Amino acid sequence: MNVPAAWYLILAAGLFGIGAFGLLTRRSALIMFMCIELMLNAVNLTFVTFSRTLNDISGQAIVFFVMVVAAAEVTVGLGIVVSVFRRRSSTSVDELSELKG
Amino acid sequence: MIAVIHTVPTLVFVTSALLILIGAIGVISVKNPVHAALCLIMTLIGVAVAFVAQSADFLAAVQIIVYAGAIVVLFLFVIMFLGVDRREHIHFEPLVGQRAFAGVGVAITIGGLIALMARSHWVSGASSVTTKLSAGNGNVRQLGTAVFTTYLFAFEVTAALLIIAVVGAVLLARRERPVASEEAA
Amino acid sequence: MAVVATWILIAPLFGFVAVLLLGRYLSERQVGVVGTGVVTVSFVLSVICFVMLLHHSSREVTVNLFSWITVGTLHVPAALLVDPLSITMCLFVTGISALIHLYSTGYMHGEKDFRKFFLYLNLFVFSMLLLVLANNLVLTFVGWEGVGLCSYWLVSYYFERDAAASAGKKAFIYNRVGDVGMLVAMFLIFSRLHTLTYHTIFERAGTLSPTVATLIVLALLLGATGKSAQIPLFNWLPDAMEGPTPVSALIHAATMVTAGVYLLVRMSPVLALSHSGRLTIAIIGGVTAFVAATIATSQKDIKKVLAFSTVSQIGYMVLAVGVGAYSAAIFLMISHAFFKALLFLGSGSVIHSLNGEQDMRKMGGLQKYLPLTFPTFLIGWLTISGIPPFAGFWSKGDVLTHVFDQDKALWVLGVLTAILTGYYMCRLFVLTFRGTERFREDTGGHDPHESPWVMTAPLVILAVLSVVGGVLDLPWVHHDSLAGFLAPTFGYVAAGARAGTLAQWGLALVDVAAAVIGLLAAYSIWRDISESSKYESSFLEHVWHWDDFYDATIGRPLTTTAQFEEDVIEPKVIDGAVTGLAVSVRRSGDGLRKVQSGFVRHYALATVLGVAVIIVFLVARVI
């Protein structure tokens, strides 16, 4: 009686794509991080959908751990952003082009 | 009008879909980072709704508390710290062809992914026997049992990971002290 | 017999090694003794070997030294073949060499590179003996190359002189061109007959088709023209006169230049299979003899006259080979060795007495100052002109008789050449020994003195040999003569029919008449004058401009090509390719470097595009 899994999967795929596009297109470091969060959420949605469809709790357990790791990642990542952009006047990642050549 | 809406689950799905998509598009297209954070919250709430509809109650709660409540707040702290008035010039793209290629690449990837999923009947695989979902109230108990027995090692490792993350964050964000005050001490 | 034969070959090699290692501790006299001694030992052993061969059951003995090359079907032993032909060659080669070694101890006295001279001379004798004693083509070729190499060393003995160094190079290069012919002949023989040993070649020669046989013969002829200075590879020999006179006497008169004739004579069973090949050989020989004789009439240097005379006489030998008169060719070879060596050594004596003067315009009237050189030279002169009863008359007559049997046109050419021979030799003799004295400024007013005994003794011996040498093959003696002795070697080839006795007397008269006509003409012209533009032509003096012809057609184009190659191809093509490779690598590196833009978003985009490719691949597989 539930909504077919396909719809949720397509939704998650679309969310993932939007997040990816935003990651590639935006220049501000903070917005890029938010796009990463979007992608992680898309993955979480997919796992939960599968968990429901296959009647397996493991999917939800994985989502649990993904959330933990996402939190840790945001912590460290924002720390890096702060330490890198503290002295500069913009948060554009295009300025970090030391690897050129 | 009511005849168009078939069932409650469909309605719930449509709601969550709308929240998610509008929020996502908002994140990637607004200029002000604070507005972007707010759009992100909208998406996260949409995802929480989807979780509830899929009987992942505990996760929905954790999503709101941890994601929307902690992570986005952290984002806002950093935005404030680095200055709100920093706006990005969205219209101007310095790298040639980036948007076009990005659009094409993402479209192909997602399109292909959906095609593959469609081809393989969306969800294949046998239903699990040992760790099956119990309906309704037993979700927290069941999830707890799974995390603390089957996935105990992962749980301990993530605990360590969190500590490392905290230590790392503290070190990274530390302001440098002048050398003279250390010698005087 | 085997030991004796081996030591014939080894003795000069031993001399070479001894002088090489100990030369600097020995005095000039000791080096001369060692050098001359080993060759004399070789000669004595050759005589012993000859006597043994006469009493041997078969007239052919193979001495196997060791197995040299064994690769697949190619078996080349290091083995010696002692048969009448090779022992005859050994005898006169070692004999004349010994005399010339003795002469050299006097002629080269005081030269700073005295030891080097005897070193090379001994090595030369070894190579020549290897050439004539070998029982297969490859070993002969080793000796062939060896004599060419020693000739190069000895011609450029005075290498500080440009002319001498160039002459040495010229000699070697012309020899090398001829060697291509010999190599091609070896390749052809091996590919068809699968052997390079003479004995086996002659057994299987019948299986050769006429075309292949002709090709082989022509290739051998090319090799022979290079080594024996015939047309078209003859103009190295006059230049080779830059070497010391004993070298000219030994190498370029008596021995090395006969190697080509020897090769053709040795390969006579193969020659027998190709009529057109033999005809070519005969024509080359006849024409060369005539052309060289014409050139000799206008030369001013005494050694150059003798050099062209050598080319002419070898032309006679080649002509004889071409008409199938092999033993006549060998007979002429032996007598030529006697009188040509005599003439060269005599001229060396004259040059020595005039402190190095070689231009005949500055000689004259030496008759009364050189009491031993004069009569011996006289005998040599008469012999080469073909006056009976000296050896030249019999040997040249023998050749011309056989030529008359086969080809009248070539016979006429031969007689004309005989007239010219008489003419130019008389001219030489008269200009040198008779007439007015034109040498005073060379000798600083003193009288020229006769040479020491080490130089005049060989002259005397050679003069005696020139007188009596005719007995080797008198026309009315058939069995105990040279021809009879050599017959088993040429037994494979049917000898041409000889003309009747009356015809032989007639031919003999013609020979004598030709010689006398030439002599009288020269005597009357040159008695009083030393040079004349009427009787000397610049065309003839410049060797029919042969050198200039080769220079224009071969030398100049090659030099131009090489210069073009150096100016254009080297920097642009070769250097260009190499540096071009380096430059293109660098440029492509520079191009690829632009991928590393430094922008994180580019790297992320690349990742996404990679994922897209994989997805497309997976979808394509499924659909």
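What you see is a predicted model, and the numbers here were worked out from it, not measured in a lab. (Residues numbered from 1 in each chain as written. Chains lettered and ligands numbered in written order. Predicted model: local features only at pLDDT ≥ 70, side-chain atom pairs only at ≥ 80, totals over all residues.)

### A few points about the overall build of chain C
Piece 1. In terms of helices and strands, chain C carries 25 helices and two strands.
Piece 2. The buried share among the 623 residues of chain C stands at 52%.
Piece 3. Contacts spanning at least 24 positions in sequence make up 81% of the contacts within chain C whose residues lie at least 6 apart. (Helix = DSSP H or I, 4+ residues; strand = E, 2+ residues; numbered from the N terminus. Buried ≥ 20, exposed ≤ 12 C-beta atoms within 10 Å, placed from the backbone. Contact = placed C-beta atoms within 7 Å.)

### Points about the overall build of chain B
Piece 1. Broken down by element type, chain B carries seven helices and zero strands.
Piece 2. Listing the helices and strands of chain B from first to last along the sequence gives α-α-α-α-α-α-α.
Piece 3. Across the 185 residues of chain B, 24% fall into the buried class.
Piece 4. Of the contacts made within chain B by residues no fewer than 6 positions apart, 53% connect residues no fewer than 24 positions apart.

### Points about the interface of chain A and chain C
Interface size is commonly expressed as the accessible surface area that is lost when the partners come together.
Piece 1. Taken together, the contacts link 11 residues of chain A with 10 residues of chain C.
Piece 2. The residue inventory of the side of chain A that touches chain C, partitioned by class, reads six nonpolar, two polar and three charged. (Nonpolar A, V, L, I, M, F, W, Y, C, P; charged D, E, K, R; others polar.)

### Quick notes on the interface of chain B and chain A
Piece 1. Counting from both sides, the interface comprises 69 residues of chain B and, opposite them, 68 residues of chain A.
Piece 2. Those elements that place two or more of their residues in the side of chain B that touches chain A are α1 (8-29), α2 (33-53), α3 (57-82), α4 (98-119), α5 (139-150) and α6 (152-172) of chain B.
Piece 3. Looking at the side of chain B that touches chain A element by element, the count peaks at 12 residues for α3 of chain B.
Piece 4. Along the lines of polarity and charge, the residues of the side of chain B that touches chain A split into 52 nonpolar, 13 polar and four charged.

### What to know about α2 of chain B
Given 3.6 residues per helical turn, the α-helix brings residues three or four places apart onto the same face.
Piece 1. An ideal rise of 1.5 Å per residue puts 30 Å on 21 residues; α2 of chain B measures up with 30 Å between its terminal C-alpha atoms.
Piece 2. Immediately beyond the C-terminal end of α2 of chain B, within one or two residues, lies Ser55 of chain B, with a positive phi of roughly 60 degrees. (Expected span 1.5 Å × (residues − 1).)

### Points about the confidence of the model for chain C
All names here are of chain C.
Piece 1. Here chain C shows a mean pLDDT of 84. Residues at 70 or above account for 94%.
Piece 2. In the predicted structure, residues 492-497 sits below a pLDDT of 50 and forms 15 contacts with residues beyond four places in sequence or in another chain.
Piece 3. Confidence metrics for the complex model read pTM 0.68 and ipTM 0.92. (pLDDT = per-residue confidence, 0-100.)

### Considerations on the nonpolar core
A general tendency of soluble globular proteins is for nonpolar side chains to be buried together.
Piece 1. Counting residues in hydrophobic clusters, the biggest one holds 200 residues, and the most contacted among them are Leu129, Leu220, Val261, Ala320, Ala329 and Ala341 of chain C.
Piece 2. Considering every element that reaches this core, the biggest residue donor is helix α15 (residues 326-353) of chain C, with 17 residues.
Piece 3. If we skip the residues at most four places from it in the chain, Ala329 of chain C touches Val261, Val265, Met317, Ala320 and Val321 of chain C.
Piece 4. Membership of the second largest hydrophobic core comes to 71 residues, among which are Ala12, Phe21 and Phe64 of chain A together with Leu605 of chain C. (Core = buried A, V, L, I, M, F, W, Y, C linked by C-beta atoms within 7 Å.)

### Section: the confidence of the model for chain B
Residue and element names in this part refer to chain B.
Piece 1. For chain B, per-residue confidence averages 84 on the pLDDT scale, and 82% of positions sit at 70 or higher.
Piece 2. Element-level pLDDT for chain B is lowest in helix α7 (residues 179-184), with a mean of 49, against a maximum mean of 94 in α2.
Piece 3. Considering only residues more than four positions removed or in separate chains, one finds that residues 180-185, a stretch of pLDDT under 50, has one contact.

### Observations concerning helix α3 (residues 84-107) of chain C
Piece 1. The end-to-end C-alpha separation of α3 of chain C is 34 Å, in line with the 34 Å expected for 24 residues at 1.5 Å each.
Piece 2. Within α3 of chain C, 23 of the 24 residues are buried, which leaves it mostly tucked inside the rest of the structure.

### Some details on the packing of α15 of chain C against helix α17 (residues 391-406) of chain C
Residues and elements named next belong to chain C.
Piece 1. Across the interface, α15 lies against α17 with an axial gap of 9 Å and an inter-helix angle of 155 degrees. Looking at the two axes, α15 sits roughly antiparallel to α17. In this structure, α15 crosses over α17, and the sense of that crossing is left-handed. Seen from α15, the contacting residues are Ala328, Phe331, Leu332, Ser335, Phe338 and Phe339; seen from α17, they are Ala391, Gly392, Ser395, Lys396, Asp398, Val399 and His402.
Piece 2. Considering only residue class, the contact of α15 with α17 consists of seven nonpolar, four polar and two charged. (Axes fitted to C-alpha atoms, helices over the stretch in contact; angles between N-to-C directions. Parallel < 35°, antiparallel > 145°, perpendicular 65-115°, else oblique. Left-handed = near helix turned anticlockwise from the far one by under 90°.)

### Describing the pairing of strand β1 (residues 61-71) of chain C
Residues and elements named next belong to chain C.
Piece 1. As judged from the nine bridges shared by β1 and strand β2 (residues 74-82), these two strands associate in the antiparallel manner. Within β2, the position partnered with Phe66 by the bridge is Ala78.
Piece 2. In this antiparallel pair of consecutive strands, β1 and β2, the connection spans two residues, and Gly72 shows a positive phi of 60 degrees. (Pairing = 2+ DSSP bridges.)

### Some words on the packing of α1 of chain B against α2 of chain B
Residue and element names in this part refer to chain B.
Piece 1. Two numbers describe how α1 lies on α2: the axes approach to 7 Å, and their chain directions differ by 155 degrees. Overall, the two elements α1 and α2 adopt an arrangement that is roughly antiparallel. Considering only the axes of α1 and α2, their crossing is left-handed. Where α1 abuts α2, its residues Pro9, Val12, Phe13, Thr15, Ser16, Leu19, Ile20, Ile22, Gly23, Ala24, Gly26 and Val27 lie against Ala36, Cys39, Leu40, Met42, Thr43, Ile45, Gly46, Val47, Val49, Ala50 and Ala53.
Piece 2. Split by residue class, the contact of α1 with α2 holds 17 nonpolar, six polar and no charged.

### A word on the environment of Leu44 of chain B
Piece 1. In this structure, Leu44 of chain B sits in helix α2.
Piece 2. Residue classification places Leu44 of chain B among the buried positions, given that 24 C-beta atoms sit within 10 Å.
Piece 3. For the pair Leu44 of chain B and Ile20 of chain B, spaced 24 residues apart in sequence, the C-alpha to C-alpha distance is 7.2 Å.
Piece 4. Other than its neighbours up to four places away in sequence, Leu44 of chain B contacts Asn41 of chain A together with Gln63, Tyr67 and Ala68 of chain B.

### Details of unusual backbone geometry
Residue and element names in this part refer to chain C.
Piece 1. The amide bond that connects Ile231 to the next residue, Pro232, takes the cis arrangement and shows omega of 5 degrees.
Piece 2. Looking at where Pro232 falls in the secondary structure, it is placed in the loop between α8 (210-228) and α9 (236-239).
Piece 3. Phi angles above zero are rare outside glycine, and His194 is one such case at about 60 degrees.
Piece 4. Topologically, His194 is positioned in the loop between α6 (162-193) and α7 (198-204).
Piece 5. Owing to 14 C-beta atoms within 10 Å, His194 belongs among the partly exposed residues under this scheme.
Piece 6. The phi dihedral of Ala229 is positive, around 55 degrees, even though this residue is not glycine.
Piece 7. Residue position: Ala229 is located in the loop between α8 and α9.

### Some remarks on the environment of Tyr316 of chain C
Residues and elements named next belong to chain C.
Piece 1. Inspection of the secondary structure puts Tyr316 in helix α14 (residues 302-322).
Piece 2. We classify Tyr316 as buried; it has 28 C-beta atoms within 10 Å.
Piece 3. Beyond its immediate stretch of four places on either side in the chain, Tyr316 contacts Gly285, Ala289, Leu332, Lys396, Val399 and Gly414.

### Here's the deal with the environment of His602 of chain C
Piece 1. Structurally, the position occupied by His602 of chain C is in helix α25 (residues 600-622).
Piece 2. Judged by the 19 C-beta atoms lying within 10 Å of it, His602 of chain C falls in the partly exposed class.
Piece 3. In contact with His602 of chain C, other than residues within four places in its own chain, are Leu95 of chain B together with Ser597 of chain C.

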